[in-house]
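Observations on the three-dimensional arrangement
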Amino acid sequence: MSLNRFLFILLAILVLIGVTEALGQGQAPPLLIAVSFLATTLQVATPLTLGALSGIYCERAGVVNIAIEGMMLGAAFFGWLASIYAGAAGLPMIAALLVGVLAALLTGALLALLHATLSITFKVDQIISGTVINILAVGLTGFLNRALFFQQEVPHAPGVLPTIRIPLLADIPVVGRIFQQQPITLLAIALVVFTHWLLFSTRWGLRTRAVGEHPLAADTVGINVYRMRYANVLIGGVIAGLAGAYFTLESVPSFEPGQTAGRGFIALAAMIFGNWTPFGAWSAALLFGAAQALQINAQFFGLKVPSQFVGMLPYILTMIALTGIVGRTIPPAADGKAYEKA
Amino acid sequence: MDKYMDREIVLEARNVTKTFPGVIANKDVSLKLYRGEVLALLGENGAGKTTLMNILYGLYHQDSGEILVRGEAVRISGPSESIRRGIGMVHQHFMLVPVFTVAENIMLGAETVKGLSLDIATVRRRIRELAEQYNLDVDPDAYVKDLSVGQQQRVEIVKALYRKADILILDEPTAVLTPQEADDLFEVIRTLQAQGTSVIFISHKLKEVLAISDRIMVLRRGQVVGETTPAGATERSLAEMMVGRSVLLEVDKQPAKPGEVVLDVRGLRADDDRGQQVVNDVSLQVRAGEIVGIAGVQGNGQTELVEVLTGLRPARAGQVLIAGTDYTNAVPRTITEAGTAHIPEDRQEDGLVLSYTIADNLVLNTYYLPPYANGIARNEDAINANAEKLVKEYDVRTPSPFVPVGNLSGGNKQKVIIARELSRPIKLLIAAQPTRGVDVGSIEFIHKTIVAQRDAGAAVLVVSAELDEVMSLADKIAVMYHGQIVAVVPADQATREDLGLLMAGAHLEPVTS
């Protein structure tokens, strides 16, 4: 991703911090506001970062995945459900939560398998396949949630994943707050670095990018295009599953229908805005996250503007980002095109 | 016969047959390739050359017959199998990822790794070694999208050598090259041959086949119809074998009788898609009853010039007059209605709607006029009658005028365009690369049609990357270099050498006419 774009994002985040400082003037010390703003940004950016990474795996291999939203929602529900049952079965809290995370990853993988089968093997239009999964996820989670818990007391989820203190960094006064995060948030950042390395420095990454750019060329040098695409879509599904786990196992210990609220689509926007690169997508996700952090802070500091207006900010930023005002980004050349073997 | 024939047979096909639904692509084809020889496979488009090579490379599987590599019967399950057995193929459409570097493209599928990471340094070194050994100049760190077509082809060859290929299949390698680049390629082939590589060279260009090969096999309609050596063949005899009847290789035409100026271009300037000025102060006149040919290496502004003349690209400065009226920056329909016919360079992209029927493609420029339209409704009867008539008149080989035009071969697609453009009264014909990728039989027909238009009084502007075509077709030759017309020469006074130098940017003494 170009340096200009990184600078634009940095500047936008600084502006958002500035606005927050102005809102909180006199209510809290400026440093505390900034630190808390950044810590919140990191947290709320997590599902966006993971969703964007999920999209990068799929689309770099040539499969458009607009089903990230559905995969997240499905994973959020089934992860939560599994943790409840595991907790009720007497597992300790941490173990129950881990069972929940595993169930979320599995849900993401299964939905991704469905997407891969439809779009790679049966060559269904990838947008249609993704739409079907999104609708399926809304319907299935909504139905099961109602069927299982309607008019009865919802069983208590075991809780949320515990905060991890990064040694040394977390002990710094005030600023250390940024380095006290929950595991999925930390994992998301690690995955950004890992994905960058995988994509640009390994055999796997080279082949993945090749099948996403020019699958026939990859085929003629003996690379199995279908296998590479399946594998990457499945990895993408697992990562979307992790994003889903964030909602019900890390952020809050509960599920509500439609909980992901379009984050999967904003994640896609982050991926595009980040030019299909992990660090680019991450910085875009942080920008959208910062917009959300502003909304949270605005409420906290009692801004007189209706919160719905501030709540629109991430979505408005998304639209601006996609208009190409900050320059165009270029998708992989074979993105969204089914590969037909000769 | 061939001096290599006492050597080892490295690759052999025995009685290979391959059918596609409705078509026999290869019928009982047998072929032997000896170590270190250059075998040319000659045939028209659709003769089955590429199918046969794709079978040898493992992209298709034969219905019957055998493939032997170094005497061993093998089943080539896919490209990785053929690569393992030392077969490399340079496809007609390059198999390179434009956004990858040369090194990334070359190692793809055969990566060297250090631990888990790619070992670019080693790959880079090996590419440099190969480049030196075979005299193939490639920069491992350049991005493929920034390379010229000739350079990309060298990357493809290095890619095959990197995989230790000693049998190299080149599918129509010169189709996209300039004459100079083609000469460079022949040098490379000779170097490869000297170091023991066997080469199958696929082409439909007779001169090249005679120049480069040790042995020539001719395919027609999926069958081997003959085998010869360059010493025992002439262009004429090869063309006859290929087409199955005698063909006229030279253009048969009378001296031109130029009339009024029809196309008058004055000081024209235009930019390419990236905003670079590539048409740089071009002035040019074409008179009724004459053919002006534009010669030049591809990418010297010819494409953009034609696009400006036909209304597809804006002119930045200058004027385009057709029969005295200003048509600068007019829309294509206005220019068409002024009596201009356009045979576009890229027939797939700009000449036809591939999914439409032949009948519909034949009225793409007149569908809104009677008799093809009744107000806003189509008149199917008139459209169909027009199609039946033109398909016959222009000898379009098709089962019916109502199949999608995309199903036709290159030559027949071109005939559809020509039929559409020339079946109405025209004043000006602008033909860009009219015979590119077209077989010998169709070339003859297309040239005859263009000359007939001239004789009927049309002004004709032909742009071609084939110097031979420009020289035999044109009455006047304009050489284009770096966006400028650097010389205009009467065709009967032009020599290949002079034109070649002008095309390469050399300044000659003014040719006096």
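To start, this report covers the structure provided alongside it. (Residues numbered from 1 in each chain as written. Chains lettered and ligands numbered in written order. Predicted model: local features only at pLDDT ≥ 70, side-chain atom pairs only at ≥ 80, totals over all residues.)

Section: the overall build of chain A
Applicable threshold: The numbering of helices and of strands both runs from the N terminus, where a helix is a DSSP run of H or I of at least 4 residues and a strand a run of E of at least 2. We compute the radius of gyration over the C-alpha atoms and compare it with the globule rule, which gives 2.2 Å times the number of residues raised to the power 0.38. Residues are defined as contacting one another if the C-beta atoms placed from their backbone atoms lie within 7 Å.
Helix and strand counts for chain A stand at 13 helices and two strands. The C-alpha atoms of chain A give 20 Å as radius of gyration, which agrees with the globular expectation for 342 residues (20 Å, within 12%). Principal-axis analysis of the C-alpha atoms places the extent of chain A at approximately 70 × 50 × 40 Å. Within chain A, contacts between residues at least 6 apart in sequence are counted, and of these 77% link residues at least 24 apart.

Observations concerning helix α1 (residues 3-23) of chain A
Residue and element names in this part refer to chain A. For clarity, the threshold we go by: Multiply 1.5 Å by the residue count of a helix minus one, and that product is the helix's expected span. With C-beta atoms placed from the backbone, a residue is buried if 20 or more other C-beta atoms are within 10 Å of its own, exposed if 12 or fewer are, and partly exposed between those counts. When we speak of the arc, we mean the arc of directions from the helix axis to the C-beta atoms.
The end-to-end C-alpha distance of α1 is 30 Å, a good match for the 30 Å that 21 residues give at a rise of 1.5 Å each. Residues Arg 5, Ile 9, Ala 12, Ile 13, Leu 16, Ile 17 and Thr 20 constitute the buried set of α1. Around the axis of α1, the buried residues are gathered within 140 degrees of arc, so they sit on the same side. For α1, exposure combined with an orientation more than 90 degrees from the buried face picks out Leu 3, Asn 4, Leu 7, Leu 11, Leu 14, Val 15, Gly 18 and Ala 22.

Considering the sheet that holds strand β1 (residues 9-20) of chain B
All names here are of chain B. Defined as follows: Strands were regarded as paired on the criterion that DSSP finds at least two bridges between them. Axis definition: a line fitted to C-alpha atoms, over the contacting stretch in the case of helices. Angles run 0 to 180 degrees between N-to-C directions.
Across the sheet, four strands lie side by side as β2-β1-β4-β5; this open sheet has antiparallel pairing. The open sheet has two edge strands with one neighbour each: β2 (23-34) and β5 (72-74). Between one strand and the next, the sheet's axes are offset by a mean angle of 25 degrees, whatever the strand orientation. With three bridges joining them, strand β4 (residues 64-69) and β5 adopt antiparallel strand pairing. When the sheet's bridge partners are listed, Val 69 is paired in β5 with Glu 72. Across the face of the sheet, helix α1 (residues 49-57) comes into contact with β1, β2 and β4 while running at roughly 120 degrees to β1.

Some thoughts on helix α13 (residues 380-393) of chain B
Residue and element names in this part refer to chain B. In this model α13 runs 20 Å from its N-terminal to its C-terminal C-alpha over 14 residues, within 8% of the 20 Å that 1.5 Å per residue would give. By the burial criterion, the buried members of α13 are Ile 383, Asn 386, Ala 387, Leu 390 and Val 391. On an axial view of α13, the arc spanned by its buried residues comes to 125 degrees, and they lie on one face. Exposed residues on α13 whose side chains face more than 90 degrees from its buried face are Asp 381, Lys 392 and Glu 393. In the segment just after α13, Asp 395 is the residue with positive phi, at about 55 degrees.

A word on the interface of chain A and chain B
Cut-off, in case you're wondering: Charged means Asp, Glu, Lys or Arg here, nonpolar means Ala, Val, Leu, Ile, Met, Phe, Trp, Tyr, Cys or Pro, and polar covers whatever is left, Gly included.
At the junction of the two partners, chain A supplies 16 residues and chain B supplies 19 residues. Those elements that place two or more of their residues in the side of chain A that touches chain B are α7 (203-213) and α8 (215-220) of chain A. Considering each element in turn, the side of chain A that touches chain B owes the most residues, five residues, to α8 of chain A. Within the side of chain A that touches chain B, the residues separate by chemical class into eight nonpolar, five polar and three charged.

A look at the environment of Ala 341 of chain B
Residue and element names in this part refer to chain B. Tracing the sequence through the fold places Ala 341 in strand β18 (residues 340-343). Take Ala 341: there are 24 C-beta atoms within 10 Å of it, and that puts it in the buried class. Along the primary structure Ala 341 and Val 278 are separated by 63 residues, whereas in three dimensions their C-alpha atoms are 24 Å apart. Contact partners of Ala 341, with chain neighbours within four places excluded, come to Glu 421, Leu 422, Ile 426 and Leu 429.

With respect to the packing of helix α6 (residues 183-201) of chain A against helix α9 (residues 225-251) of chain A
Residues and elements named next belong to chain A. In plain terms, the rule: By the definition adopted for this analysis, an angle is roughly parallel if under 35 degrees, roughly antiparallel if over 145, roughly perpendicular if from 65 to 115, and oblique otherwise. Crossings are assigned a handedness: left-handed for a near helix turned anticlockwise from the far helix by less than a right angle, right-handed for a clockwise turn.
With their axes 10 Å apart at the nearest point, α6 and α9 run at an angle of 160 degrees to one another. Of the possible angle classes, the one that applies to α6 and α9 is roughly antiparallel. Crossing geometry of α6 relative to α9 is assigned as left-handed. Contacts from Ile 184, Leu 187 and Leu 191 of α6 reach α9 at Ile 239, Leu 242, Ala 245, Tyr 246 and Glu 250. When the residues that make up the contact of α6 with α9 are grouped by side-chain class, the tally is seven nonpolar, no polar and one charged.

As for the environment of Ile 55 of chain B
Relative to the helices and strands, Ile 55 of chain B is located in helix α1. Apart from the residues lying within four places of it in its own chain, the contact partners of Ile 55 of chain B are Val 16, Lys 18, Tyr 60, His 61 and Gln 62 of chain B.

Describing the nonpolar core
How we decide: We call a set of buried Ala, Val, Leu, Ile, Met, Phe, Trp, Tyr and Cys residues a nonpolar core when their C-beta atoms link them within 7 Å.
Residues Ala 270 and Ala 285 of chain A together with Val 479 of chain B are the most contacted members of the largest nonpolar core, which totals 254 residues. If near-sequence neighbours (up to four positions away) are discounted, Ala 285 of chain A is found in contact with Ala 45, Leu 48, Thr 49, Ala 52, Ala 267 and Ala 270 of chain A.

Let's talk about the packing of helix α4 (residues 93-121) of chain A against helix α5 (residues 126-149) of chain A
Residue and element names in this part refer to chain A. Put simply, α4 and α5 touch, their axes get as near as 9 Å, and they point 150 degrees apart. Taken together, the axis directions place α4 and α5 in an arrangement best described as roughly antiparallel. Crossing geometry of α4 relative to α5 is assigned as right-handed. Facing α4, whose interface residues are Leu 111, Leu 114, His 115, Leu 118 and Ser 119, α5 presents Gln 126, Ser 129, Gly 130 and Ile 133. Here the residues of the contact of α4 with α5 sort into four nonpolar, five polar and no charged.

Looking at the environment of Ala 270 of chain B
All names here are of chain B. Here Ala 270 is to be found in strand β13 (residues 261-271). Given 22 C-beta atoms within a 10 Å radius, Ala 270 is considered buried. Distance in space between the C-alpha atoms of Ala 270 and Arg 313 is 7.9 Å, their sequence separation being 43 residues.

Concerning the pairing of strand β16 (residues 317-322) of chain B
Residue and element names in this part refer to chain B. Bridge count for β13 against β16 is five bridges, and the pairing is antiparallel. For Leu 263, the partnering residue across the bridge sits in β16 and is Ile 322. Where β16 lies against strand β17 (residues 325-326), two bridges are found, and the strand directions are antiparallel. If you follow Ile 322 over to β17, its bridge partner there is Thr 325. Turn length for the β16-β17 hairpin, with the two strands adjacent in sequence and antiparallel, is two residues, and the turn residue Ala 323 shows positive phi of about 50 degrees.

Interpretation note: all reported values are geometric properties and have no functional meaning in isolation.
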